[in-house]
Structures are given as structure tokens and as C-alpha cells.
Amino acid sequence: EPVLLSGTDGVGTKLKLAFLMDKHNTVGIDCVAMCVNDVACAGGEPLFFLDYIACGKNVPEKIAEIVSGVAEGCKQSGAALVGGETAEMPGFYPEDEYDLAGFAVGAVDKKDLITGEKLAAGDVLIGMASSGVHSNGFSLVRKVFEQELTAEGLNTYYEELGTTLGEALIAPTKIYVKALKSVKDAGITIKACSHITGGGFYENIPRMLKEGTRAVVKKDSYAVPAIFRLLADKGNIEEEMMYNTYNMGLGMILAVDPADVDKAMEAIRSAEEIPYVVGSIEAGDKGVTLC
């Protein structure tokens, strides 16, 4: 009983960084990731992807760079790039700016849909490491690093980041399609799954829960990437706000039966992602507790 799944999204104001750095070959990966991760989160495998680029001036070399990132994202997720649209809109967008969005369509057998219905107290939460900020909360990032948003500022090397500020911020969103497929192929039932995007832990994790279940996440169960500490310190942002805006180092969280934890961790590692046991499901009001 095949079920079609779809996801649509854009890259948001992370594009402003691409303009400043004049680096356009990774934002396409972000665009694909934001769509295919949502499809994978429901248990599906992406079939195909289409992109939409709107720009002030069509500079073929720049469009080719953007599309090369889209193609790379499709390659990483096993989706076919079947087409797209490039709209030149002078007077609407500045000449050197553009917007990028897209959508993915995937499929899943009805019995393999991840719905959260079989979730039970005692189930274990496994988080997969993110590559950094991914594609959410960049309006706040830009506000915090307002002074650094110059070619020179973004090229500044930060010891704690182990890279330049620009490279740390523009790192493309992780695509978790292969890791989730690896878990499924290992014969493990993913009971619930949450793609940690805008709204962070507090808004995304409850979406995977059924009534009467509560997710408990242990904050010290994994290392929060340095970019988030830098952001919080420099912007004087409260911890709760950070967890309500960013992925804080976990791009995808899934719930499995306690008996399947080791096998699931192994399957995720075999897909070259980094898993952590980050918490558990308890009986209680639908929501998330961070402790």
C-alpha cells in the first residue's frame, strides 16, 4: 500500500551569508536537506526533487554553482533532480541576490509510516549529530554577529570553532535519509522521529509524540557544538531560547524499543552519522523535558 509523502522548504536568511561570502555551492544542499529530511522523518524515501531559484539577475555561473549544491543534496539523499525553475525578477530582487526553495516527493509502504502511535514509556531516544546551525535561526545569528558580517569578519579564524566563523555558519545541513534507511534495513522499527528544525527541541520533539507520552532529553548526553556556545555567549541568549530556536547539535531524534538501541546505533554509524543515546519516553503530558 504505497503512500506518497512530500516536503517543501527554503534556505531562509542563511542565503545572506552565501551572498556575503560569495559562496553558492552549498546552499543547494541545505535546500534539499530541509525537504528530504522531513520525508525521511515520516518513514519515506525521497523519489524526486524540484528546485525554484528567483534572482535579480541571472548570472549563469552563479546559477550553476547553486544547482551543483542541489545536485549534491539529491545525490546524498538518493533523489532524482527532475527539474526546476529559475525566475529572473529585476526590480524585485537586488541584482546580486536570490532566493532558493524546493520540494521533494517520496514514498513509503503504509505499514512503514512513522506515526508515533506505538510509542511507549521506556522507549529510548537516539539523536544524530548535526553539522552546526543547519538552516534555521539565521535572523538571530545575523543579529548576534552583526559586526562580523563582513568578508573580513567571516574570514576570521576562531580557535574554539577550529575554522573561520563563515565556514562554521555556512556548513550545509546534514541529510539523514541514508542513516534512517540503514536503521530500517537493519529490521528496526523506528517508533517516532523528529527533524529538529526551526523551533528547536521545544516545538519539534512534541510533534513525534502521541498523547500521554513525554520526551525526556538529557542535555549532557552529547557535546553541544562550539558554534552554539559562541552564539549564546556573544548574544547573551538564555539557554531555553537556544533550545527553542536551534538544533543544539542534534539534527534528528528517533525513538526505538530499548532492545533495539545497540543495533540502531550500529546502523546509524554504518551510514557514517554520529548517534547518541539522549533520553527516553515517559508517561505524562505530551511535551518535552530537558534536564
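What counts and how
- Residues numbered from 1 in each chain as written.
- Predicted model: local features only at pLDDT ≥ 70, side-chain atom pairs only at ≥ 80, totals over all residues.
- Heavy atoms only, no water.
- Buried < 20%, exposed > 50% of the residue type's maximum accessible area, 1.4 Å probe, protein only.
- Helix = DSSP H or I, 4+ residues; strand = E, 2+ residues; numbered from the N terminus.
- Pairing = 2+ DSSP bridges.
- Axes fitted to C-alpha atoms, helices over the stretch in contact; angles between N-to-C directions.
- Parallel < 35°, antiparallel > 145°, perpendicular 65-115°, else oblique.
- Left-handed = near helix turned anticlockwise from the far one by under 90°.
- Contact = heavy atoms within 4.5 Å.
- Nonpolar A, V, L, I, M, F, W, Y, C, P; charged D, E, K, R; others polar.
- Polar contact = N/O pair within 3.5 Å; in protein donor to acceptor, adjacent residues only side chain to side chain.
- Salt bridge = Lys/Arg side-chain N within 4 Å of Asp/Glu carboxyl O.

**Some thoughts on the pairing of strand S10 (residues 250-256)**
And then number 1: Burial analysis of S10 places seven of its seven residues in the buried class, the great majority of the element.
And then number 2: The sheet contact formed by strand S5 (residues 124-129) and S10 spans six bridges and is antiparallel. By the bridge assignment for S10, Leu 125 is matched with Ala 255.
And then number 3: Sheet analysis places strand S8 (residues 192-195) next to S10, joined by four bridges and oriented antiparallel. What sits directly across from Ser 194, in S10, is Ile 253.

**Brief notes about the sheet that holds S10**
And then number 1: With mixed pairing, the six strands of this open sheet are ordered in space as S8-S10-S5-S11-S9-S12. On the outer flanks of this sheet lie S8 and strand S12 (287-290), each paired with one strand and no other. Across the sheet, the axes of successive neighbouring strands diverge by a mean angle of 25°, strand direction being ignored.

**Description of the packing of helix H2 (residues 27-41) against helix H3 (residues 60-77)**
And then number 1: Look at H2 against H3: their axes get within 6 Å of each other, and the N-to-C directions meet at 40°. The orientation of H2 with respect to H3, classified from their angle, is oblique. Read as a crossing pair, H2 and H3 show a hand that is right-handed. Residues Gly 28, Ile 29, Val 32 and Val 36 of H2 form the contact with H3, whose participating residues are Ile 66, Gly 69, Val 70, Glu 72, Gly 73, Cys 74, Gln 76 and Ser 77.
And then number 2: Residues belonging to the contact of H2 with H3 are distributed by class as follows: six nonpolar, five polar and one charged.

**Re the side chain of Asp 123**
And then number 1: Examined against the element boundaries, Asp 123 turns out to sit in the loop between strand S4 (98-109) and S5.
And then number 2: Polar side-chain contacts of Asp 123 include one of 3.1 Å to the side chain of Lys 191.
And then number 3: Not counting the four nearest positions on each side in its chain, Asp 123 is found in contact with Lys 118, Lys 191, Val 256, Asp 257, Pro 258, Ser 280 and Ile 281.

**Observations regarding helix H9 (residues 226-235)**
Helical periodicity: at 3.6 residues per turn, an α-helix aligns residues three or four positions apart in one direction.
And then number 1: By the burial criterion, the buried members of H9 are Ala 226, Ile 227, Phe 228, Leu 230, Leu 231 and Ala 232.
And then number 2: Those residues of H9 that are buried are in contact with helix H4 (138-144), strand S6 (157-158), helix H6 (165-170) and helix H10 (239-243).
And then number 3: Directly after H9, the chain includes Asn 236, whose backbone phi takes a positive value near 55°.

**Comments concerning the pairing of strand S2 (residues 45-55)**
And then number 1: The pairing of S2 with S4 spans 10 bridges and is classified as antiparallel. By the bridge assignment for S4, Pro 46 is matched with Gly 106.
And then number 2: As paired elements, S2 and strand S3 (residues 80-88) share eight bridges and run parallel to each other. When the sheet's bridge partners are listed, Tyr 52 is paired in S3 with Glu 85.

**Some details on the sheet that holds S2**
And then number 1: Taken in spatial order, the four strands make up an open sheet running S1-S4-S2-S3, and their pairing is mixed. The outermost strands of the open sheet, each flanked by one partner alone, are strand S1 (2-10) and S3. Between one strand axis and the next, the sheet turns through 15° on average, direction left out of account.
And then number 2: Across the sheet, H3 touches S2, S3 and S4, and the angle it forms with S2 is around 165°.

**A closer look at the pattern of salt bridges**
And then number 1: Overall, the coordinates contain 11 salt bridges when judged by the stated rule.
And then number 2: The salt bridge involving Glu 97 is made with Lys 16; its shortest N-O contact spans 3.5 Å. Of this pair, Glu 97 sits in the loop between S3 and S4 while Lys 16 sits in helix H1 (residues 15-21), and the two are 81 residues apart along the sequence.
And then number 3: With a relative accessible area of 22%, Glu 97 lands in the partly exposed category.
And then number 4: In this structure, Glu 148 and Lys 234 form a salt bridge, with 3.2 Å as the shortest nitrogen-oxygen distance. Separated by 86 residues along the polypeptide, Glu 148 in the loop between H4 and helix H5 (151-154) and Lys 234 in helix H9 bring together distant segments of the chain.
And then number 5: Judged by relative accessible area, Glu 148 falls into the buried class, the value being 15%.

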